[in-house]
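One letter stands for each residue in the lines below.
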Amino acid sequence: MAFAELGRRLRLGMVGGGPGSLIGPVHRVAARLDDRWELCAGAFSSNAERSARTGRETFVAPERCYGRWEEMIEREQARPAGSRLDAIAIVTPNHLHAGPAIAALDAGFHVICDKPLAATLADAEAIAAAVERSGRTFVLTHTYTGYPMVRQMRAMARAGTLGRLRVTHVQYAQDWLAKPIEKQGHAQAAWRVDPARSGAGGCVGDIGTHAFHLAAYTTGLQAEAICADLSAFGEGRVLDDNVHMLLRYPGGVRGMLWASQVATGKGNGIRLGLYGEAGGVEWFQEQPNQLRYTAVGEAPVILDRAGPGPVAAAYAPRTAPFHPEGYLEAFAQLYADAAEVIAARERGADAPEAADGLPGIADGVEGMRFVAAAVESSRRQAWLSRKDWG
Ligand code: NAD
């Protein structure tokens, strides 16, 4: 395997992911699952004591736990090549992505950053400029692109199995903001409803970007116009907690997107459907190992990631056939792919196949343009075409 030619695990540092955080621990598990990464340093919190606590729990050497990401980047850059970090994962709230991402890239580290790319389009573009000048790898963790059957959908849409595409339908519905928990000290809710930390979009930035990206990722199409209706149902909220949207894609393809954080009864209700002249295919995150595929005029069939039939692209099974895999494995797939890409780069080899399925900086900037366009379309109560959203 190409990765093994590097002869060692990659060394990871982390910004964010301190005590009580949501996604940092998921990144750490995902990085370990395929045994290609080793967590070596962290500015897990802006509070040095809390950062050190996470360091103790994750067996990071005390001298490599920092209370300021600036210090981490400076001190880690100065280490000898044999112990220096290869990449830095950024898992802070949205407004704290650009600072560490740009500093890490400029210091020569690869970056694995969570979505949305930033809190503002200007920050997103500044990160993109740093990726360009540094030549480093930048990975954006759009989690659901790591699912084998999402990649299978992508392969089918691209191979023409569905015929000429007609309709996309994507949903990401949650209910955790149905009550105003941001007023009750809920850490994750508090920053998500705050424009200064979340950005111009609430739900549309937090999970609408996942939904928007899923449709683009699987179809290979970029929306050319959108019409969005953003609502804030939670009392006193200034950012949206629900979004309905119509989309137009090239070739007459029509799309619909619903993202909500007030949809009582929905946990992480992600559904994606692609419907073409020759067939349709649907995926539901609750049953992530299967796809429902229907050829026009025929009975629906269930494709299983481990069963006969088309095999998901760029997918290495971790468990025996028909043992279920899920969210953590999907996240791990992104870390495994990132490891392949970064290891190839470190060895001076050509970009491996894994690079093809991995979301990157362009996806992040596109996501931030999408958020800005959705907010503006909703404000104007009008369709916006791509030329209006940059
Ligand atoms: P969180 O509030 O749970 O955790 C944020 C962490 O960042 C905390 O540990 C906090 O101490 C730390 N932090 C804040 N300021 C810091 C600083 N200056 N230096 C170092 N650490 C600092 O947030 P979360 O819900 O885990 O979200 C973090 C990011 O991940 C957000 O951008 C969010 O959109 C994204 N996210 C992505 C997914 C996904 O499916 N890919 C899921 C959840 C969250």
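Being a predicted model, the structure only gives us computed values, none of them experimental.

S.K.: Before we go on, may I ask you to explain the packing of helix H9 (residues 203–219) against helix H11 (residues 361–380) in this structure?
M.R.: Packed helices, taken two at a time, are described by the angle between their axes plus the distance between the axes. At a minimum axis separation of 10 Å, H9 and H11 run at an interaxial angle of 120 degrees. Between H9 and H11, the crossing angle belongs to the class labelled oblique. Classified by chirality, the crossing of H11 by H9 is right-handed. Only Asp363, Glu366, Gly367, Phe370, Val371 and Ala374 of H11 make contact with H9, whose side of the interface consists of Val204, Gly205, Gly208, Thr209, Phe212 and His213.

S.K.: Would you take a moment to explain the side chain of Arg192 for this structure?
M.R.: In this fold, Arg192 is placed in helix H7 (residues 187–192). When its relative accessible area of 14% is taken as the criterion, Arg192 is described as buried. There is a polar contact of 2.9 Å between the side chain of Arg192 and the side chain of Asp206. In this view, Arg192 contacts Leu22, Trp176, Ser198, Gly202, Asp206 and Leu239; residues no more than four positions away in its chain are not counted.

S.K.: Where do I start with the nonpolar core in this structure?
M.R.: The tendency in soluble globular proteins is for nonpolar side chains to be buried side by side. Core analysis: the biggest nonpolar cluster contains 46 residues, and Met245 and Leu257 have the highest contact counts within it. It is H9 that contributes the most residues to this core, 8 residues altogether. Beyond its immediate chain neighbours, meaning those up to four positions away, Leu257 contacts Val170, Gly208, Ala211, Phe212, Val243, His244, Met245, Leu247 and Phe370. Ranked by size, the runner-up nonpolar core spans 30 residues in total, among them Leu105, Phe109, Ile127 and Ala130.

S.K.: I tried to follow the pairing of strand E7 (residues 225–231) on my own but got confused; where do I start?
M.R.: Every regular strand shows the same layout, with side chains that alternate between the two sheet faces. Among the 7 residues of E7, 5 are classified as buried, and the element is accordingly described as predominantly covered. Two elements, E7 and strand E8 (residues 242–248), share 7 bridges in a ladder whose sense is antiparallel. Counterpart to Ser231 in the pairing with E8 is Asn242. Of the strand pairs in this sheet, E7 and strand E14 (residues 384–385) are connected by 2 bridges, and their pairing is antiparallel. The residue bridging Ala225 from the neighbouring strand is Ser385, located in E14.

S.K.: Help me out: how do you make sense of the pairing of strand E10 (residues 269–276) in this one?
M.R.: The element E10 is extensively covered by neighbouring structure, given that 6 of its 8 residues are classed as buried. Here strand E6 (residues 165–173) pairs with E10 via 8 bridges, running antiparallel. By the bridge assignment for E10, Tyr172 is matched with Ile270. For E10 and strand E11 (residues 279–284), the ladder comprises 5 bridges, and the chain directions are antiparallel. In the strand pairing of E11, Gly273 is matched with Glu282. As consecutive antiparallel partners, E10 and E11 are separated by 2 residues.

S.K.: Which parts of the structure should I look at to understand the site of the ligand?
M.R.: Around the ligand lies a shell of 29 residues, among which Gly18, Leu22, Asn94, Lys115 and Gln188 are the nearest. One of the backbone N or O atoms of Gly18 is found 2.8 Å from an oxygen atom in the ligand. One of the backbone N or O atoms of Thr92 is found 3.3 Å from an oxygen atom in the ligand. Bound to the protein, the ligand loses 89% of the 860 Å² it would expose on its own. Breaking the shell around the ligand down by element, the ones donating at least two residues are strand E1 (10–16), H7 and H9.

S.K.: Would you take a moment to explain the state of the cysteines for this structure?
M.R.: Joining two cysteines, a disulfide is a covalent bond between their sulfur atoms. Within this structure, the stated rule accounts for 0 disulfides. You can see Cys65 has no disulfide; the closest cysteine sulfur is in Cys40, sitting 11 Å from it. On the accessibility criterion, Cys65 (15% relative accessible area) is buried. Of the cysteine sulfurs around Cys227, a residue in no disulfide, the closest is that of Cys203, at 17 Å. For Cys227, a relative accessible area of 22% gives the class partly exposed.

S.K.: Looking at this model, I keep getting lost on the pattern of salt bridges. Mind explaining?
M.R.: Should their charged atoms come close, side chains of opposite charge can pair. Taken as a whole, this structure holds 26 salt bridges when the rule is applied. With a shortest N-O distance of 3.9 Å, Glu49 and Arg56 are connected by a salt bridge. With a relative accessible area of 46%, Glu49 lands in the partly exposed category. With a closest N to O distance of 3.3 Å, Asp356 and Arg154 form a salt bridge. With Asp356 in the loop between helix H10 (327–347) and H11 and Arg154 in helix H6 (residues 148–159), this residue pair connects regions lying 202 residues apart in the sequence. Given the relative accessible area of 52%, Asp356 is considered exposed. Among the ionic contacts, a cluster of salt bridges with common partners joins Asp34, Arg318 and Glu325.

S.K.: Just checking my understanding: could you explain the environment of Ala4 for this structure?
M.R.: Within the element layout of this structure, Ala4 appears in the segment before E1. Judged by relative accessible area, which is 55%, Ala4 ranks as exposed. The sequence separation of Ala4 and Ala343 amounts to 339 residues, and the corresponding C-alpha distance is 8.8 Å.

Analysis parameters
Position labels on residues start from 1 in each chain and follow its written sequence. The predicted origin of the model limits local features to residues at a pLDDT of at least 70 and limits the giving and counting of side-chain atom pairs to 80 or more, whereas totals for whole chains, interfaces and linings rest on all residues. With hydrogens and water stripped out, all remaining heavy atoms of the structure feed into the side-chain values. Comment: axis = line fitted to C-alpha atoms, over the contacting stretch for helices; angle = value between 0 and 180 degrees taken between N-to-C directions. Secondary structure follows DSSP: runs of H or I at least 4 residues long count as helices, runs of E at least 2 residues long count as strands, and numbering of each begins at the N terminus. In this scheme, roughly parallel covers angles under 35 degrees and roughly antiparallel covers those over 145, while 65 to 115 is roughly perpendicular and the rest are oblique. By convention the crossing between two helices is left-handed if the near helix lies anticlockwise of the far one by an angle smaller than a right angle, and right-handed if it lies clockwise. It only takes one pair of heavy atoms within 4.5 Å for two residues to be counted as in contact. Each residue is placed in one exposure class: buried if its accessible area under a 1.4 Å probe, protein chains only, is under 20% of its type's maximum, exposed if it is over 50%, and partly exposed if it falls in between. Pairs of N or O atoms are called polar contacts if they sit within 3.5 Å, as long as, within protein, a hydrogen donor faces a hydrogen acceptor (for residues adjacent in sequence, only side-chain-to-side-chain pairs). We define the nonpolar core as a collection of buried residues of types Ala, Val, Leu, Ile, Met, Phe, Trp, Tyr and Cys that are connected through side-chain atoms lying within 4.5 Å of one another. Should DSSP find at least two bridges between two strands, the strands are taken to pair. Whether a residue is near a molecule or strand is decided by its heavy atoms; if any one of them lies within 4 Å of it, the residue is near. Only the protein chains shown count as covering a residue, and every accessible area follows the Shrake-Rupley method with a 1.4 Å probe. The disulfide criterion is simple: two cysteine sulfur atoms within 2.5 Å. Here, a salt bridge means any side-chain nitrogen of Lys or Arg that lies within 4 Å of a carboxyl oxygen of Asp or Glu.

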